[in-house]
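Observations on the three-dimensional arrangement
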Amino acid sequence: MKYSILPFLLGSVLVTGQTVYLAGDSTMAKGGGGSGTEGWGQFLGQYLTIPVVNRAIAGRSARSYTDEGRFDTLINTVHSGDFVIIEFGHNDGTSGAIDNGRQDAVGDGYDTTAVVSTSNGTQIVIHTFPYYIQNAVNFFKAKGAIPIVSSQTPSNIWSNGIIGAGPRFVGYAQLSASRTGVTYVDHYDYVAQAYDKLGQTTVNTFYPLDHTHTSPTGANVVAQAFVRGLLCGTSSLKAKVNVAGNGVPNGCL
């Protein structure tokens, strides 16, 4: 009898031991972008039945998170069956004549590169957003983890009463997920849907410092929008959404 029970027990340990890890920037990170702000990753756990570990760091891009070894650390941390949500974009744009350590090469080609100059005059080669994201995804998959690529959140910028279209990194995130065969969550559009419904006057109260970083109330709305994106998608993580998560507002895009 004990031999027939053992596989069940081992399976139970694997399932109950699952964890969700978050990799991203200040819009996701604990503490957000400064006083009075908070990242949406701090609110995700209340909508799931498994724990969330927030490894997002303010000021990071797909490139700098890679170059600083943060993806490596996370890859060495995760176990088979864990989920990893990857969301970058706000800090990935070009920085001008002097490299800021965060910008990516322009374009969506995996093999596309650019040469940039550092502040001391050294020239270095940088890669595209998809290069950094796809590499991370493939390493997580090799560990047996389950990556989810999420597009960046919108800034509080409106056009004719609605949130404007997303930057190129939204499309790059979707492309990276498609190329690697993992789930994509259109977080940008799900947040935009929530914001458009709430209206500009209300959403303005979510941004106490600037047009990028949310208050705790705003961060919770952004977390709810991510959950809605999960529920409307095919990721196995949606099976871990709890009762509160299944009650988040709005519908599928």
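Residues numbered from 1 in each chain as written. Predicted model: local features only at pLDDT ≥ 70, side-chain atom pairs only at ≥ 80, totals over all residues. Heavy atoms only, no water.

This paragraph deals with the pattern of salt bridges. All told, the structure shown has four salt bridges when counted by the stated rule. Glu 68 is the partner of Arg 60 in a salt bridge, and the nearest nitrogen-oxygen pair spans 2.9 Å. Here Glu 68 falls in the partly exposed class, since its relative accessible area comes to 41%. The partner of Arg 63 in a salt bridge is Asp 99, with the nearest N and O atoms 2.7 Å apart. Placement of Arg 63 in helix H3 (residues 62–67) and of Asp 99 in the loop between strand S3 (83–87) and strand S4 (113–117) is noted, with a sequence separation of 36 residues between them. On the accessibility criterion, Asp 99 (11% relative accessible area) is buried. Taken together, the shared-partner salt bridges connect Arg 60, Glu 68 and Arg 70 into one network. (Salt bridge = Lys/Arg side-chain N within 4 Å of Asp/Glu carboxyl O. Buried < 20%, exposed > 50% of the residue type's maximum accessible area, 1.4 Å probe, protein only. Helix = DSSP H or I, 4+ residues; strand = E, 2+ residues; numbered from the N terminus.)

Our next topic: helix H4 (residues 70–77). It helps to recall that an α-helix has 3.6 residues per turn; residues three or four apart then point in one direction. Restricting attention to buried positions, one finds in H4 the residues Phe 71, Leu 74 and Ile 75. The buried side chains of H4 occupy one side of the element, clustering within an arc of 105 degrees when seen end-on. On its buried side, H4 packs onto strand S1 (20–24), H3, S3 and helix H5 (129–142). (Arc of directions from axis to C-beta. Contact = heavy atoms within 4.5 Å.)

Right, let's talk about unusual backbone geometry for a bit. Phi at Asn 160 takes a positive value of approximately 55 degrees, unusual for a residue other than glycine. Structurally, the position occupied by Asn 160 is in the loop between strand S7 (158–159) and strand S8 (162–163). Of note in the backbone geometry, Asn 250 takes a positive phi value of approximately 75 degrees without being a glycine. Tracing the chain through its elements places Asn 250 in the segment after helix H10 (243–246).

The next point concerns the packing of aromatic side chains. According to the stated counting rule, one finds twelve aromatic pairs in the structure shown. On the numbers, 5.0 Å between centres and 40 degrees between planes, the contact of Tyr 110 with Tyr 131 is tilted. With Tyr 110 in the loop between S3 and S4 and Tyr 131 in helix H5, this residue pair connects regions lying 21 residues apart in the sequence. Among the aromatic side chains, those forming a connected cluster through ring pairs are Tyr 65, Phe 71, Phe 88 and Phe 140. (Phe/Tyr/Trp six-rings, centres within 6.5 Å; stacked < 30°, edge-to-face > 60°.)

Before going further, it helps to examine the pairing of strand S6 (residues 146–150). The two faces of the sheet receive side chains in turn, since in a regular strand these alternate between them. In terms of residue burial, S6 counts as a mostly covered element, since four of its five residues are buried. Where S3 meets S6, four bridges bridge the pair, whose relative direction is parallel. What sits directly across from Ile 85, in S6, is Ile 148. Across three bridges, the pairing between S6 and strand S9 (residues 183–185) is parallel. Bridge pairing in S9 places Val 149 opposite Tyr 184. (Pairing = 2+ DSSP bridges.)

Mapped onto the secondary structure, Ala 23 falls in strand S1. Sequence separation of Ala 23 and Thr 113 is 90 residues, and the distance between their C-alpha atoms is 23 Å. Look past the residues within four positions of Ala 23 in its chain and what remains in contact with it is Met 28, Tyr 65, Phe 71, Leu 74, Ile 85, Ile 86, Glu 87 and Phe 88.

Worth remembering: the numbers are spatial, not functional.
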